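Here's the letter readout for the chains.
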2 protein chains.
Amino acid sequence: MGKKEKQLVGVKEIARRAGVSIATVDRVLHNRSGVSERTKTKIQAIIKDLNYQPNLLARRLASGKTLNLVTLIPEVSEETDYWSVPLEGVLQAEKEIQPYNVKITKLFYDMNNRESFVNQTQIILNDKVDGVLLAPAFIDEAIEFTDICQERKIPFVFINSDIPNQKSLCYFGPNLYHSGYSVAHLVNYLIEKDDKVLLVNISKDIGADHHILRKEEGFKAYLKDHDIKEPIQLSITETDYPSVQKSMSSAFKKHPDIKLVFVTNSRVSKVAKYLASIGREDIILIGYDFLSENIKYLENRTIDFLICEKPQEQAYRGVRALYQKLVFEVDIESEYFMPIDIITKENCQFYKN
Amino acid sequence: MGKKEKQLVGVKEIARRAGVSIATVDRVLHNRSGVSERTKTKIQAIIKDLNYQPNLLARRLASGKTLNLVTLIPEVSEETDYWSVPLEGVLQAEKEIQPYNVKITKLFYDMNNRESFVNQTQIILNDKVDGVLLAPAFIDEAIEFTDICQERKIPFVFINSDIPNQKSLCYFGPNLYHSGYSVAHLVNYLIEKDDKVLLVNISKDIGADHHILRKEEGFKAYLKDHDIKEPIQLSITETDYPSVQKSMSSAFKKHPDIKLVFVTNSRVSKVAKYLASIGREDIILIGYDFLSENIKYLENRTIDFLICEKPQEQAYRGVRALYQKLVFEVDIESEYFMPIDIITKENCQFYKN
DNA sequence: CTGAAAGCGCTTACAG
DNA sequence: CTGAAAGCGCTTACAG
């Protein structure tokens, strides 16, 4: 490493030019009160003139402050281990910014329990917190919580799904409509005209499942835009395997000539299990998310394509955005849509969530 | 931000416990000479005991050193603007680590001029340099250069293409063989058995073009592994449009029933131009790289799939790896293969290079 | 082989 | 409204 050529501009130099002490310069730098308008203007002019860039290392070292960030996402459940992936992203970001005096408190709630969400937000609000990362599964409660954050000027980011107009610092997640639209585009390459397509939704409360609804909408919109006939639809409202098996079985009885199945979320592995059990790996199966259960079926070619929108990176970027904002006062774009990745048996070994 | 609870362990505390001065602790911390074996052992025990983690902010602030990194990649040429993308990655990384006293010198060479590469490596070697990022287009010259780097203990990373066994800190780039293999897997979904596939190589010196050769190898291997008949092949050794047009034209005269064309690099836009000119957008066209020229043809559906391996991220990660190694002494994995991304008209708007 | 002192560029009480 | 001084946790000459 080379010796640093003497830093040309620092608080010292500004103070010298203004004929004041560095303490006063510091006050102006941080918009603190107790400086006469006259000195303030003078110092500001010098700061601008010198194009002063504060030394952030020194700033953080001297202040001796710790940045307190909180993440609140669903806990890993037996239903799906999806949420272990965003958590990885939080941990990765934590590892990287740890050296800069940042503390990340990781809180979790139960996706099937509205109250658990509210409880955790209470905990956050009772603590001294500088920034929040949130996966807002319960919309109303999330709005209530983030309204308070906004009052207190605590920046927050959403991941996984957005609540528009809620003044979040940023949203990191999929564009769900386009995700479905893109899948249909791919499907268009994979089937012949008039081939039967089955669209499967698996969720306990499909009507409230924003993810599923928007993807389905996009998927169908593409078909309509391109004069492709509508898919057959199947809604499965119990997520255990026997329920999936039963529903799939009756659908296939009715439509034995289905060529392609599209499952609108990560439960695709259950459909894969069914297709494997009846020896119909020839049917093209498309679903969501790079989870070990799904990859297993991708590798044995029961699943043909997995769509994935980098859940780990969502959380990673979310934490970093908070850090950038709070430490460097960097402006953050208010929306960051993740890429819509297409994963196959052959490229999956290089995929990064 | 919360006040930091008093840091429990620092050089001061270690010095106190060892009954020595902090200067001596510092010497042990950095393995500098001039400490008796006895004190050294004692101090090391205490360091371990306290699980001492140095404050990196303080370290960099006090040392007053600047880290000098150099990047050496091809310049943007009229042939292709591919290399503007990795440059973006360098600039992004620079922006992020700028606050930590890192200087990045960006050097470029002419892909068609071996000498220009050597000249630039000379410049690097004459300077005080802490780490190097290199896109090693000229293998022999790159080996010679990196041998010297190794002697001088200057860490270096490769991007875009690897030179195995050269003891680089890391390689960030595609696994070319698997890239071709993955494309063939995709092709398998897109054609019927016995459909004709045309494989097109466009390069001034195909025999020396590692990228093309390995991708072709992987592509053919898949076909062989899956009993699919061999592709028709076309080699075009002049990269201007008239030459491409001429070669394509005669290939299509010979094989009017070609169903799918695979171009093994970013020159796919020239083939797209040809297919558009003869009104054969129905032919499935697959090529490489997320470049504006290619995206144009993707959007009008002349190109159907673009394969991309995140050239921006390659460079970004390369720079960060050097930084992590030099500042934090973090261990770096010696190979990082980029994902093999499949881009279509519909998901391209969210793609990140 | 070892230590006392100055300093990196800031922030933070405290005093006036 | 303003400044002198101490300090953040290290590193770096310099002296012995």
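Use the structure listed above.
These numbers come from a predicted model, not from an experiment.

A. Seen up close, the overall build of chain A. The helix and strand tally for chain A stands at 13 helices and 13 strands. Its C-alpha atoms give chain A a radius of gyration of 26 Å, clearly above 20 Å, the size a compact globule of 353 residues would have. Judged by the C-alpha coordinates and their principal axes, chain A covers about 90 × 45 × 35 Å. Looking at the 353 residues of chain A, the share that counts as buried comes to 55%. By sequence separation, contacts in chain A at least 24 residues apart represent 67% of the contacts at least 6 residues apart. Surface exposure of chain A reaches about 16500 Å², of which carbon and sulfur atoms provide 48%. Side-chain charges in chain A split into 47 positive and 49 negative, and the spacing between the mean points of these groups amounts to 9 Å.

B. Looking closely at the side chain of A:His211. Relative to the helices and strands, A:His211 is located in helix H9 (residues 210-225). In contact with A:His211, other than residues within four places in its own chain, are A:Asn160, A:Ser161, A:Pro174 and A:Leu176.

C. Fine view of the interface of chain A and chain B. Each side of the interface is counted separately: chain A has 57 residues, and chain B has 57 residues. Here chain A packs against chain B, burying approximately 5100 Å² in sum over the two surfaces, 60% of which is carbon and sulfur. The tally of links from chain A across to chain B stands at 10 residue pairs in polar contact (both at pLDDT 80 or more). For the side of chain A that touches chain B, the secondary structure elements donating two or more residues are strand S1 (2-3), helix H4 (56-63), strand S2 (65-74), helix H8 (176-190), helix H13 (311-328), strand S12 (335-337) and strand S13 (341-343) of chain A. Looking at which element gives the most residues to the side of chain A that touches chain B, the answer is H8(A), with 8 residues. A class-by-class count of the residues in the side of chain A that touches chain B yields 26 nonpolar, 15 polar and 16 charged.

D. Quick peek at the pairing of strand S7 (residues 196-202) of chain B. Residues and elements named next belong to chain B. Among the 7 residues of S7, 6 are classified as buried, and the element is accordingly described as predominantly covered. Bridging between S7 and strand S9 (residues 258-263) involves 5 bridges; their strand directions are parallel. Its bridge partner being in S9, Leu-198 is matched across the sheet by Val-261. Bridge count for S7 against strand S8 (residues 232-236) is 5 bridges, and the pairing is parallel. Each bridged residue has a counterpart across the sheet, and for Asn-201 the counterpart in S8 is Ser-235. Handedness of the β-α-β unit built from S7, helix H9 (residues 210-225) and S8 comes out right-handed.

E. Representation of the relation of the copies chain A and chain B in the model. Rotating chain A by 180 degrees and moving it 0.1 Å along the rotation axis overlays it on chain B with an RMSD of 0.1 Å. Accordingly, the operation relating the two chain copies is best matched by a two-fold axis. Every residue of chain A has its C-alpha some distance from the rotation axis, and the shortest such distance is that of A:Leu57, at 2.7 Å. When the interface residues of chain A are mapped onto chain B, 100% of them are again interface residues, pointing to one common binding face.

F. The arrangement of the protein's contact with DNA strand D in detail. A:Ser21, A:Arg27, B:Asp26, B:His30 and B:Tyr52 are the nearest of the 29 residues found near DNA strand D. When atoms of DNA strand D within 4 Å of the protein are split into backbone and base, the sugar-phosphate part holds 70%. Between a phosphate oxygen of DNA strand D and a side-chain N or O atom of A:Thr39, the distance comes to 2.9 Å. With respect to DNA strand D, the side chain of B:Tyr52 contributes an N or O atom lying 2.9 Å from a phosphate oxygen. Broken down by secondary-structure element, the contributors of at least two residues to the surface near DNA strand D are helix H2 (22-29) and H4 of chain A together with helix H1 (11-18), helix H2 (22-29) and helix H4 (56-63) of chain B. Sort the elements by how many residues they give to the surface near DNA strand D and H4(B) lands first, with 4 residues. Residue composition of the surface near DNA strand D, by class: 11 nonpolar, 11 polar and 7 charged.

Conventions used here
- Residues numbered from 1 in each chain as written.
- Chains lettered and ligands numbered in written order.
- Predicted model: local features only at pLDDT ≥ 70, side-chain atom pairs only at ≥ 80, totals over all residues.
- Heavy atoms only, no water.
- Helix = DSSP H or I, 4+ residues; strand = E, 2+ residues; numbered from the N terminus.
- Rg over C-alpha atoms; globule rule 2.2 N^0.38 Å.
- Buried < 20%, exposed > 50% of the residue type's maximum accessible area, 1.4 Å probe, protein only.
- Contact = heavy atoms within 4.5 Å.
- Areas by Shrake-Rupley, 256 points an atom, 1.4 Å probe, with all protein chains shown as cover.
- Lys, Arg positive; Asp, Glu negative; His and termini not counted.
- Charge placed at Lys NZ, Arg CZ, Asp CG, Glu CD.
- Buried area = accessible area lost by both parts, 1.4 Å probe.
- Polar contact = N/O pair within 3.5 Å; in protein donor to acceptor, adjacent residues only side chain to side chain.
- Nonpolar A, V, L, I, M, F, W, Y, C, P; charged D, E, K, R; others polar.
- Pairing = 2+ DSSP bridges.
- Right-handed = clockwise from strand over helix to strand, strands pointing away.
- Least-squares fit on C-alpha atoms with pLDDT ≥ 70 in both.
- Near = heavy atom within 4 Å.

Bear in mind that shape data such as this cannot, by itself, settle questions of function.
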